[in-house]
Amino acid sequence: MDLYALDKEFEDLLKRFPNARRELVENSGDKMYEKVMSNINKQTHEDTGNLKDGVQKVVGSGKGYSAVRPDWQKAPHTHLIENGHKIVRGKGKNSKVVGWAPGKHMYRNALNDLADELERDAEETLEKLVGEIFD
C-alpha cells in the first residue's frame, strides 16, 4: 500500500470513527441498564416499582459517553438501598438505631460485572476499524 492509499484509509477511518464510537457507547449503556435492572430484580423485594422506574440511561449530547444512574425524582431512596442505611426505630427523641441494613450495590456490581466485557467490546470495535486498513 502506498502512502497516498494509506492516507485515504486513515481519512476514511476518521469519518467512520464517530459512528462506531456512538454505537459502542449506546451498546455499553444498554448492557449496563440491563445489568442494573437484573440486579434490582435479584437483590430487592420491589413493592412499588419506583426503584426500577428510577433507573435511567443517559447518553451525552455528543454521544461520547453513556451513564446508568438513578433518577432522584422518581426514586429518592435509591442511595439507601445501594449503599446501605441505619435501621432506626421510634421517632424524635425516642428513636434508636437498632442495626444496619447492608447495601445491595445494584449499580456498583453491574459495573464490576461488566467491566471486562465492555473493555473487550471497545477493543473489538477498535480492531474492526483499524484492522480494515491493514487487512
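Residues numbered from 1 in each chain as written. Predicted model: local features only at pLDDT ≥ 70, side-chain atom pairs only at ≥ 80, totals over all residues. Heavy atoms only, no water.

Looking at the element boundaries, Asp 71 is found in the loop between β2 (66–70) and α3 (78–83). Despite its burial, Asp 71 pairs with no opposite charge, the nearest such side chain being Lys 74 at 4.4 Å. Setting aside its immediate chain neighbours within four residues, Asp 71 contacts Gly 54 and Gln 56. (Helix = DSSP H or I, 4+ residues; strand = E, 2+ residues; numbered from the N terminus. Buried < 20%, exposed > 50% of the residue type's maximum accessible area, 1.4 Å probe, protein only. Lys, Arg positive; Asp, Glu negative; His and termini not counted. Salt bridge = Lys/Arg side-chain N within 4 Å of Asp/Glu carboxyl O. Contact = heavy atoms within 4.5 Å.)

Here the focus is helix α1 (residues 3–43). It helps to recall that an α-helix has 3.6 residues per turn; residues three or four apart then point in one direction. Helix length check: α1 (41 residues) gives 57 Å between terminal C-alpha atoms against 60 Å at 1.5 Å per residue, within 8%. By the largest-angle criterion, Arg 16 marks the main kink of α1, which is about 35°, and a proline, Pro 18, follows within four residues. Every buried residue of α1 is listed here: Leu 13, Ala 20, Leu 24, Val 25, Ser 28, Gly 29, Met 32, Val 36, Met 37, Asn 39 and Ile 40. (Expected span 1.5 Å × (residues − 1). Bend = angle between axes of the 7 residues up to and from the residue.)

Note on backbone geometry: most residues besides glycine have negative phi, and most peptide bonds are trans. Here His 105, not a glycine, exhibits a phi torsion of approximately 55°, which is positive. Here His 105 is to be found in the loop between β4 (96–102) and α4 (106–134).

So, on to the nonpolar core. In terms of nonpolar packing, the biggest core is built from 12 residues, these being Met 32, Val 36, Met 37, Ile 40, Leu 51, Val 55, Val 68, Met 106, Tyr 107, Ala 110, Leu 114 and Leu 118. For this core, the element with the highest residue contribution is α4, accounting for 5 residues. (Core = buried A, V, L, I, M, F, W, Y, C linked by side-chain atoms within 4.5 Å.)

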